[in-house]
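A look at the structure
What follows is each chain in one-letter form.
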Amino acid sequence: MKDAVGWHVEMEFQEDNKRTRAAALVRLPDGNEVRGHGYASRHPSDGNQARVGEEIAAARALNDLKEQLLSKAHDEIDDASGRTSYPITR
């Protein structure tokens, strides 16, 4: 049986009356850190619901993280195989 591997993602938020910014950080077993960023803006007619802005900004930061991790994996596959493969999109 293989050992379980876990990654922990840290999420931080900065908020003002109109915007929420999120930063996601994951430390990988190879020693690299990958950071993703996401933003959410509140429409002036919307009520002040900080949690909703955090959820949207967090989702966008995690999506940014996803794209970077897919790109990193693609580059590592190409480096190991010595050829250029199709980009990983999902």
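Given the structure is predicted, the values throughout are model-derived calculations rather than measurements.

**What about the sheet that holds strand β2 (residues 19–27)?**
Strands pair in a sheet through their backbones, by hydrogen bonds, and they do so in one of two ways: parallel or antiparallel. Across the sheet, which stays open at both edges, the three strands sit in the order β1-β2-β3 with antiparallel pairing between neighbours. Single-partner strands in this sheet number two, and they are β1 (9–15) and β3 (33–41). On average, each strand axis in the sheet is inclined to that of its neighbour by 15°, with strand direction left out of account. Where β1 meets β2, seven bridges bridge the pair, whose relative direction is antiparallel. By the bridge assignment for β2, phenylalanine 13 is matched with alanine 22. Strand contacts of helix α1 (residues 50–81): β1, β2 and β3, with the helix running at about 145° to β3, the strand carrying the most contacts.

**Brief notes about the environment of alanine 40**
For alanine 40, the location among the structural elements is in strand β3. Along the primary structure alanine 40 and glutamate 15 are separated by 25 residues, whereas in three dimensions their C-alpha atoms are 9.5 Å apart. Each residue touching alanine 40, except ones within four places of it in the same chain, is listed here: Lys18, Arg19, Thr20, Gly53, Ile56, Ala57 and Arg60.

**Comments concerning the pairing of β3**
Because side chains alternate across β3, one face comprises the buried residues Val34, Gly36, Gly38 and Ala40, and the other comprises Glu33, Arg35, His37, Tyr39 and Ser41, none of which is buried. Here β2 pairs with β3 via nine bridges, running antiparallel. Residue pairing in the sheet places alanine 24 in a bridge with glycine 36 of β3. With antiparallel pairing between neighbouring strands as the criterion, β2 and β3 make up a hairpin whose turn holds five residues, including glycine 31 at a positive phi of roughly 95°.

**Quick notes on the pattern of salt bridges**
One pass over the full model with this rule turns up eight salt bridges. Across the salt bridge formed by glutamate 10 and arginine 27, the nearest N and O atoms sit 2.6 Å from each other. Of this pair, glutamate 10 sits in strand β1 while arginine 27 sits in strand β2, and the two are 17 residues apart along the sequence. The partly exposed category is assigned to arginine 27, whose relative accessible area is 47%. In this structure, glutamate 33 engages arginine 27 in a salt bridge whose closest nitrogen and oxygen atoms are separated by 3.0 Å. Because the salt bridges share partners, they merge into one network encompassing Glu10, Arg27, Glu33 and Arg35.

**A few points about the side chain of aspartate 78**
Inspection of the secondary structure puts aspartate 78 in helix α1. Buried within the structure, aspartate 78 lacks any salt-bridge partner; its nearest side chain of opposite charge belongs to arginine 83, at an N-O separation of 5.6 Å. A polar contact of 2.6 Å, which involves the side chain of aspartate 78, links it to the side chain of serine 85. For aspartate 78, the contacting residues outside a window of four places in its chain are Arg83, Thr84 and Ser85.

Calculation notes
- Residues numbered from 1 in each chain as written.
- Predicted model: local features only at pLDDT ≥ 70, side-chain atom pairs only at ≥ 80, totals over all residues.
- Heavy atoms only, no water.
- Pairing = 2+ DSSP bridges.
- Helix = DSSP H or I, 4+ residues; strand = E, 2+ residues; numbered from the N terminus.
- Axes fitted to C-alpha atoms, helices over the stretch in contact; angles between N-to-C directions.
- Contact = heavy atoms within 4.5 Å.
- Buried < 20%, exposed > 50% of the residue type's maximum accessible area, 1.4 Å probe, protein only.
- Salt bridge = Lys/Arg side-chain N within 4 Å of Asp/Glu carboxyl O.
- Lys, Arg positive; Asp, Glu negative; His and termini not counted.
- Polar contact = N/O pair within 3.5 Å; in protein donor to acceptor, adjacent residues only side chain to side chain.

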